[in-house]
Amino acid sequence: MTSKISEDIGQPAKSQEIVRVESVFFSYDGPPVLEDINFTINRADFLAIIGPNGSGKTTLLKIMVGRLKPQAGQVFLFGQKIEDFRDWFRIGYIQQKATHLESNLPISVEEVITSSLYAGRKMKSRPPGWRKERIWQVLQLVGLAGYEKKLMATLSGGQQQRVLIARALATEPEIMLLDEPTTGVDHQTQENFYDLLGQLNHDYRLTIAVVTHDYGLVNKHINQVACLNRRLIYHGQHEEFCQSAAFKDLLAGDHLVMHQH
Amino acid sequence: MLSTVLASGFFWRAILAGSFLAVACGLLGVFLVWRQEAMITHGLSHVAFAGIALGLVLNFLPLIVSLIVCVLGSLYILKLKQQTKLPGETALAILSSAGMALAIFLVSLRMNFGVELMGYLFGDILAISPVEVWLSVVLALMVTVLILIHYHQLLYMTFDRETALAAGVKADRLDKILVILMAITVVLGLRIVGLLLVSALTVVPAASALQLARSFRQALILSTIFSLISILAGMALAYLVNLPASASIVFLSLIIFLATLGGKRLSPALKK
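Since the model is a prediction, treat every value here as computed from it, not as a measurement.

## Notes on the overall build of chain A
Right, on to step 1. A count of helices and strands for chain A gives nine helices and ten strands.
Right, on to step 2. Counting the 261 residues in chain A, one finds 43% classified as buried.
Right, on to step 3. Restricting the contact set of chain A to residue pairs at least 6 apart, pairs at least 24 apart contribute 71%.

Encoded structure:
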């Protein structure tokens, strides 16, 4: 593919480090949800964040996109303190399956993507036709070419989720942060979805961090694992994780869904 | 008879103010309905009414006083909603009863402006003064321009607030802008269709448009068209058959709404 997107996403790294989380503590008016979390995500990593229910995975992701502020510790995005970070278009964030969307009312696929293109940053002047071209490219990438005019409400859950991926890709992010993106979607769609992420990671060196409870679904694509249970009980190479005590504990505690694929 | 109507200045003033207001209502209404805030205009109209009463008591341009009171009231509703975590409806109910109580109290201080006040209860577009026309035009234009400027951010946060926030959309600021625009529109609507019907003006055309629209942009365009038809044809109808303009405006918008419901049933293709 010679698209603009592939060039942009695959640009050589200015810095290898994309996200750094330092000594983060967080609680929602109660006992701590996250304690002393430290890790980094480097360019072109494909990181799976796993752990039992209530282990703080979603909270961690929300801290990484600035939606929650930790009580202690620091988060750096592209080397900048998160408080000073403004280039949010460099980060694609995808929440748990589309339950938060107001999708019963008429909004077309094209409009979903366009709204993200123009929101949150000053628009540079663009050649005419740029917007349409970009929408076509990202829809092509997620296998929904020709769906521009469709209403969101008429799409299946899996298709809606792919539109959200396309929306995130449209702003040329350098990292995608995904929170259980395929909950409630049928099995085949889930596999296709992770294949797509794997392809983006492999072909365009897109950095990806995904929160998931189904380790079996992602394990063929990832190279890093962060295992969370209030504390970070494991973070490192995927191959080593399978030999680790943390992995065996999770399996024994029935906290790891391992569909055989 | 028709020629004398067309020759009269007040008729054209009404048309001018009505058209601009129609566009503002049509655009704003779609966001309101989609954000499930349709009742906010109803609540704000009571606050605006208190402002009118205050203006009459102070003997100072009621429309301006009402504008100030209503904008402050709208910001207070927003604050109440955020701070108390009460449902928006409850915050609205509290403020609208406060507004109405204040209006009744102010009216009781001086009973002699009952007739004028009636004009704001039931609307009296044909009595609109030249100053009020220009005020309406300028403010309605401002509402329209601000919505168009923030169109993409508004759309993003209306559809998917959490992700919009993470993408750097300043949703809190936009909430404020939107609620202030509503307050302005309500005050303008008060003059034209009156307190009792002002929420119909923002909500009904938008609800009709959302029945048919196949994109958000289409919803905005249809809503504006429906709103324009209701206001302009409603005023013409009021003249021809001697009805109160406010009632015929709302009747027309309701007829359009019923027609869109019927149209949607007749043509299932439109649903897709």
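After presenting the structure, the write-up continues.
## Thoughts on the sheet that holds strand S10 (residues 231–237) of chain A
All names here are of chain A.
Right, on to step 1. The six strands lie next to each other as S6-S7-S8-S3-S9-S10, forming an open sheet whose pairing is mixed. Each having just a single partner strand, strand S6 (91–94) and S10 make up the two edges of the open sheet. Going from strand to strand, the sheet's axes swing by 15° on average, the running direction of each strand aside.
Right, on to step 2. Judged from the four bridges that link them, S6 and strand S7 (residues 175–179) form a sheet pairing that is parallel. Directly across from Gly92, in S7, lies its bridge partner Met176.
Right, on to step 3. Most of the contacts of helix H2 (residues 57–64) go to S7, to which it runs at about 150°, and overall it touches strand S3 (46–50), S7, strand S8 (207–211) and strand S9 (224–229).
Right, on to step 4. Where helix H5 (residues 157–170) meets the sheet, it contacts S6 and S7, and its direction lies at approximately 165° from that of S6.

## What about the sheet that holds strand S1 (residues 17–27) of chain A?
Residue and element names in this part refer to chain A.
Right, on to step 1. If you walk across this open sheet you meet the four strands as S2-S1-S4-S5, and the pairing is antiparallel. The two strands at the open ends of the sheet, each matched to only one other strand, are strand S2 (32–42) and strand S5 (80–81).
Right, on to step 2. Where S1 and strand S4 (residues 72–77) come together, five bridges link them in antiparallel fashion. Pairing of Val21 across the sheet is with Val75, part of S4.

## Digging into the packing of helix H2 (residues 9–34) of chain B against helix H7 (residues 130–149) of chain B
All names here are of chain B.
Right, on to step 1. Relative orientation of the contacting elements H2 and H7 amounts to 25°, with a least axis distance of 9 Å. For the element pair H2 / H7, the angle class is roughly parallel. Our pair here, H2 against H7, has a crossing hand that is left-handed. Each of Arg13, Leu16, Ala17, Phe20, Leu21, Val23, Ala24, Leu27 and Leu28 in H2 lies in contact with H7, whose residues at this interface are Pro130, Val133, Ser136, Val137, Ala140, Leu141, Val143, Thr144 and Ile147.
Right, on to step 2. Here the contact of H2 with H7 is built from residues that sort into 15 nonpolar, two polar and one charged.

## So, unusual backbone geometry
The bulk of non-glycine residues show a negative phi, and the bulk of peptide bonds are trans.
Residue and element names in this part refer to chain A.
Right, on to step 1. Positive phi, close to 50°, is recorded for Asp36, a residue that is not glycine.
Right, on to step 2. Structurally, Asp36 is set in strand S2.
Right, on to step 3. Although it is not a glycine, Phe78 sits at a positive phi angle of roughly 50°.
Right, on to step 4. Within the secondary structure, Phe78 is located in the loop between S4 and S5.

Rules and cut-offs
One numbering rule holds for all chains: residues counted from 1, following each sequence as written. All chains are assigned letters beginning with A, and all ligands numbers beginning with 1, in the order in which they are written. Under the rules for a predicted model, residues below a pLDDT of 70 receive no local features and side-chain atom pairs below 80 are neither given nor counted, while totals for whole chains, interfaces and linings still include all residues. Helix and strand assignments come from DSSP, with helices taken as H or I runs of at least 4 residues and strands as E runs of at least 2, each series counted from the N terminus. Whether a residue is buried, exposed or partly exposed is read from the other C-beta atoms within 10 Å of its own C-beta, which are placed from the backbone; 20 or more gives buried, 12 or fewer gives exposed, and intermediate counts give partly exposed. Note that contacts rest on C-beta atoms placed from the backbone: two residues are in contact if these are within 7 Å. Pairs of strands are assigned from DSSP output, requiring at least two bridges between the strands. Fitting a line to C-alpha atoms yields each axis, with helices limited to the stretch in contact; the angle taken between N-to-C directions then spans 0 to 180 degrees. When describing relative orientation, an angle under 35 degrees is termed roughly parallel and one over 145 degrees roughly antiparallel, while 65 to 115 degrees is termed roughly perpendicular and anything else oblique. By convention, the crossing between two helices is left-handed when the near helix turns anticlockwise from the far helix through less than a right angle, and right-handed when the turn is clockwise. Lys, Arg, Asp and Glu make up the charged group, whereas Ala, Val, Leu, Ile, Met, Phe, Trp, Tyr, Cys and Pro make up the nonpolar group; the residues left over, Gly among them, are polar.

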